[in-house]
Amino acid sequence: MTTAPRRSGAEQRFPVVVVGAGPAGLTVGNILRAAGVDCLVLETETRESIERRPRAGVIEEWAVRGLERRGLARNLLERAQAHTECEFRFAGERYRFEYTGLTGRHHFFYPQQFLVTDLVREYADVRGGEIRFGVRDVRPHGLDSGRPSVSYVCPDSGERRTVQAGFVAGCDGARGATRAALPPGRVRVARHDYGVGWLALLAEAPPSADCVVFGMHPRGFAGHMARSPEVTRYYLQCPPGDDPENWPHERVWAELRERLGAAGAPPLQEGRLLEKRVLDMHGYVVEPMALGRLFLAGDAAHLTAPIAAKGLNLALHDAFLLGDGLVGHLTRGDDTGLAGYSAACLTRVWDYQEFSQWLAEMYHGTASGDPHRAGAALARLRRLFDSPAAAAAFAEQYLGARTTG
Ligand code: FAD
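Residues numbered from 1 in each chain as written. Predicted model: local features only at pLDDT ≥ 70, side-chain atom pairs only at ≥ 80, totals over all residues. Heavy atoms only, no water.

Colleague: Would you take a moment to explain the sheet that holds strand 13 (residues 188-204) for this structure?
Modeller: Note: strands within a sheet are paired through backbone hydrogen bonds, in either parallel or antiparallel orientation. The eight strands lie next to each other as 7-6-14-15-16-13-17-20, forming an open sheet whose pairing is mixed. Where the open sheet ends on each side, the last strands, each with one partner, are strand 7 (93-97) and strand 20 (302-303). The sheet contact formed by strand 13 and strand 16 (residues 232-238) spans seven bridges and is antiparallel. From the neighbouring strand, Ala-200 faces strand 16, where its bridge partner is Tyr-235. Sheet strands touched by helix 7 (residues 249-259): strand 13, strand 14 (212-216), strand 15 (222-226), strand 16 and strand 17 (272-287). Its angle to strand 16, the strand with the most contacts, is close to 85°. Against the sheet, helix 10 (residues 341-364) engages strand 6 (86-90), strand 13, strand 14, strand 16, strand 17 and strand 20, with an angle of about 60° to strand 13. (Pairing = 2+ DSSP bridges. Helix = DSSP H or I, 4+ residues; strand = E, 2+ residues; numbered from the N terminus. Contact = heavy atoms within 4.5 Å. Axes fitted to C-alpha atoms, helices over the stretch in contact; angles between N-to-C directions.)

Have a look at this one:
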């Protein structure tokens, strides 16, 4: 499906072609359209599919303010819930952690598919941006040449089409085409494998607690996150590459009861499992995040395992900087934003990667089978509750409150 068709033929040219209509690509597109810059967004899925895809939910306050400043947060501010505390369960006890009391800041909870719905509506229906859904086999060309282009197979005709681009914004997520098109040896990809999997579950059941709950248990980590009054996300640590079919309904709920069990904890509200998939916990960072006229943003440039709920926030941070940098170049001839883009993004990216590693050890150490790691993980947890300095440092990192966006 195509909205706002304005050109035809092989000579199509856009100042910016954005590959991928996720949070990063749609935010870049909206910033460009607000400044009157013409652009084209290419997306492999349908509009209905991207508006229904449940993934993240936790958005940091600086990211919400960044969306608000760009006129992109009206629905979010009306409908998002404020999260002010979380609960850790370990050694059979419950420990409440009130991070808003320590920082004056909170998390916004707004399902990613709602944000994507808002962003696509604003881009295509309000700001008149062009977007082509359902395209296939997207290929960037000539990225290093000063005259890049992007080709794709049109879903209606089956023909390959080519558009010329002043710049290409690679916002096509972890499995997209833009990162894969980078010439070998021109960028460094730093990878980290956590060696664990998480069984990601969506249950048709009301939340079982009034906040996010993290369970550290010798059998493995478990997490509880409300998604709506009717749907709750749960995570269960499992071997990497595990088959979701190894986790029938009864086994899932028995493990969740065991790993999230603690003195005085309310019983879990059980329900049908709507989604069950295994995520292998790993991360990567592409450096630099730009090559020639290609700029990567979001998961295309860096993956942060969902351990610390940072991926969506980093995607928005990149998109703000890339959108503003492109507008500076294209409307004022100011190159400072694009020249500093990669370095400015990577400061926050590496900060969040480090926090994810720190948190991963606290979550998984107890179940590592190594008594030294297990003891150290418990010490790390206890420090949060008996050292005000450790608690303040954790709250700052958890909320992404140290650096500003
Ligand atoms: P994406 O959202 O992946 O968007 C990329 C878009 O590009 C997609 O629409 C895709 O269809 C399209 N595309 C792919 N290939 C091509 C191609 N070749 N051509 C054109 N289009 C293409 N993050 C948080 O901050 N907080 C959380 O609580 C959180 N929870 C998560 C839970 C789960 C289960 C998962 C999987 C992730 C979670 N994340 C979380 C991470 C977050 O969802 C991602 O970091 C975020 O979606 C990245 O946005 P993006 O725009 O970079 O990429």
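Colleague: Hey, could you run me through helix 8 (residues 311-332) in this one?
Modeller: Owing to its 3.6 residues per turn, the α-helix brings residues three or four apart onto one side. Helix length check: helix 8, at 22 residues, gives a terminal C-alpha distance of 31 Å against a target of 32 Å (1.5 Å per residue), a fit within 8%. Counting buried residues along helix 8, 16 of its 22 residues qualify, which places the element largely inside the surrounding structure. A positive backbone phi angle near 65° is found at Gly-333, which sits one or two residues after helix 8. (Expected span 1.5 Å × (residues − 1). Buried < 20%, exposed > 50% of the residue type's maximum accessible area, 1.4 Å probe, protein only.)

Colleague: Looking at this structure, I do not really get the site of the ligand. What am I missing?
Modeller: Around the ligand, a shell composed of 35 residues is seen, among which Glu-43, Arg-53, Gln-112, Asp-299 and Leu-312 lie nearest. At a separation of 2.9 Å, an oxygen atom of the ligand approaches a polar backbone atom of Ala-24. Within the side chain of Asp-299, one N or O atom sits 2.8 Å away from an oxygen atom of the ligand. Here the ligand, which alone exposes 1000 Å², has 92% of that area covered by the protein. Elements with a minimum of two residues in the shell around the ligand: helix 1 (23-34), strand 16, strand 17 and helix 8. With four residues, helix 8 is the largest single contributor of residues to the shell around the ligand. (Near = heavy atom within 4 Å. Polar contact = N/O pair within 3.5 Å; in protein donor to acceptor, adjacent residues only side chain to side chain. Areas by Shrake-Rupley, 256 points an atom, 1.4 Å probe, with all protein chains shown as cover.)

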